[in-house]
Amino acid sequence: MQIVFMNRLSRISGADQEVFAQLWIGEEEGHWRLGWREFSGIEEMGDNLWYEGGSWNEMLCVYRHELAVKMGDGYRPLIDGSFHDEDSLTGTRNQEQLKLQYFSEHHGNESVYEELCAWRRGKASSERKAPYILASNRLLRMLSAFLPRTPEELLQIPGVGEGKASQYGGDWLSITSAIEREHSFPLGWVHQAVDEERFMAWQYKQKELKYKKQLERLRLRRVLLQGIEEGLGMEQLKAQGGVSRREVLEAVEELEKDGYSVEKLIALEMADVSPNEQAEVWTAYELMGDTFLKPVLYKAYGEGFSPAEGLDVYYERLRLIRIRYRRGQAVQLGVATNF
């Protein structure tokens with residue numbers, strides 16, 4: 001096996017004793033191995049094998065996730081840029097925004113946050129939009145922590161632009177300005193209020209969670225591709241992937257976007273849906289667009305549609321048909337472009 005990458009890391013342990021480790025990647029005829037080796041003084045403690053297999057992408061996901069765990073525990077690399085991705089823990093503007101997020105997660109007003117969440121649920125329902133489009137959890141946390149009172153203060157919160165402020169700023173300020181606060185704007189004071197070591201550990205925890213999700217998504221994709229090829233249906237894919245039907249659908253949509261064929265699954269799941277019903281949904285997409293599902297649902301099935309079995313099965317159908325619809329639109333666009 002040939003070692004293609006190695007990095008040395010260290011951390012302080014116990015009474016100022018420095019502990020060392022090596023992180024290594026080896027390759028032999030397309031077979032990858034990823035390992036961690038610790039040292040106590042000059043004594044080698046042996047290898048901990050993190051990954052062994054033929055997928056570079058999966059190995060890289062494991063590398064990033066496990067390294068984030070170790071750096072969250074205090075290890076620091078000899079070579080910076082250890083994660084080899086587009087994200088960076090440096091950059092003045094990025095660091096300032098991350099510190100605001102960190103502070104808000106630890107010092108938010110929970111009752112204000114719950115009130116903002118209730119506002120979001122109500123507004124999303126009335127506007128027939130997904131809640132995350134209105135405001136993310138991160139934004140609501142920052143609003144609850146910094147409690148802006150004026151439009152000018154509101155615009156200092158990361159994630160709030162002129163558009164969001166004009167649409168929803170009045171609603172947010174009616175909630176946040178009613179609460180007493182002990183701090184002031186602008187928010188430059190946050191930099192001094194944040195403990196650097198705890199902030200750094202929090203950053204690596206965020207990376208750990210991010211890379212864990214990436215790894216889970218990559219492994220789910222592999223399970224789904226194999227299952228679809230074998231002719232499995234949604235329920236079987238759900239069981240094999242250990243996720244919900246909704247998560248299976250989201251992953252299937254990603255596979256289609258990335259150029260993989262999922263038509264075998266769609267044909268299987270739509271076998272009992274009448275051609276007339278499928279045509280009604282297709283027409284609804286042509287009339288309402290394919291961005292939001294709720295308008296398409298009511299256009300295809302009628303206003304106030306409320307079946308006894310619930311709406312989940314119908315939204316599932318809408319998403320499967322939407323894959324076909326978008327594929328058709330892409331083909332049409334390609335033909336038009338060729339002309």
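Cut-offs applied
- Residues numbered from 1 in each chain as written.
- Predicted model: local features only at pLDDT ≥ 70, side-chain atom pairs only at ≥ 80, totals over all residues.
- Heavy atoms only, no water.
- Helix = DSSP H or I, 4+ residues; strand = E, 2+ residues; numbered from the N terminus.
- Axes fitted to C-alpha atoms, helices over the stretch in contact; angles between N-to-C directions.
- Parallel < 35°, antiparallel > 145°, perpendicular 65-115°, else oblique.
- Contact = heavy atoms within 4.5 Å.
- Nonpolar A, V, L, I, M, F, W, Y, C, P; charged D, E, K, R; others polar.
- Buried < 20%, exposed > 50% of the residue type's maximum accessible area, 1.4 Å probe, protein only.
- Salt bridge = Lys/Arg side-chain N within 4 Å of Asp/Glu carboxyl O.

Chemist: Let's hear about the environment of Arg128: which residues, and what values?
Modeler: Counting through the fold element by element, Arg128 comes out in the loop between helix H3 (110-127) and helix H4 (131-134). As for Arg128 and Ser184, which are separated by 56 residues in sequence, their C-alpha atoms are 36 Å apart.

Chemist: Give me the lowdown on the packing of helix H10 (residues 234-241) against helix H11 (residues 245-257), citing residues and values where you can.
Modeler: As a packed pair, H10 and H11 sit with axes 9 Å apart at the nearest point and diverge in direction by 100 degrees. Compared by their axis directions, H10 and H11 come out roughly perpendicular. Listed contacts from H11 to Met234, Glu235, Leu237 and Lys238 of H10 are Arg245, Val248 and Leu249. Of the residues in the contact of H10 with H11, the class split is four nonpolar, no polar and three charged.

Chemist: Would you mind going over the environment of Gly26 in detail, with residue names and values included?
Modeler: If you trace the backbone, Gly26 turns up in strand E2 (residues 17-28). On the basis of relative accessible area, Gly26 is assigned to the buried category, the value being 0%. Between the alpha carbons of Gly26 and Ala68 there is a distance of 20 Å; along the sequence they are 42 residues apart. Those residues in contact with Gly26, other than ones at most four positions away along the chain, are Met1, Gln2, Ile3, Val4, His31, Trp32 and Arg33.

Chemist: Residue-level account of the pattern of salt bridges, with values.
Modeler: Scanning the model with the defined rule gives 26 salt bridges in all. A salt bridge links Glu38 to Lys70, with the shortest nitrogen-to-oxygen separation between them at 3.6 Å. Residue Glu38 is located in strand E3 (residues 31-40), and its partner Lys70 is located in helix H1 (residues 56-72); the two are separated by 32 residues in the primary sequence. On the accessibility criterion, Glu38 (25% relative accessible area) is partly exposed. Under the relative-accessibility criterion, Lys70 is labelled buried at 17%. Across the pair Lys123 and Asp171 runs a salt bridge whose closest N-O atoms are separated by 3.6 Å. With a gap of 48 residues between them, Lys123 in helix H3 and Asp171 in helix H7 (residues 162-176) connect regions that are remote in the sequence. Judged by its relative accessible area of 23%, Lys123 falls in the partly exposed class. Residues joined by salt bridges that share partners form a network here, namely Glu235, Lys238, Arg245, Glu269 and Glu316.

Such coordinate-based values are descriptive only and should not be taken to indicate function.
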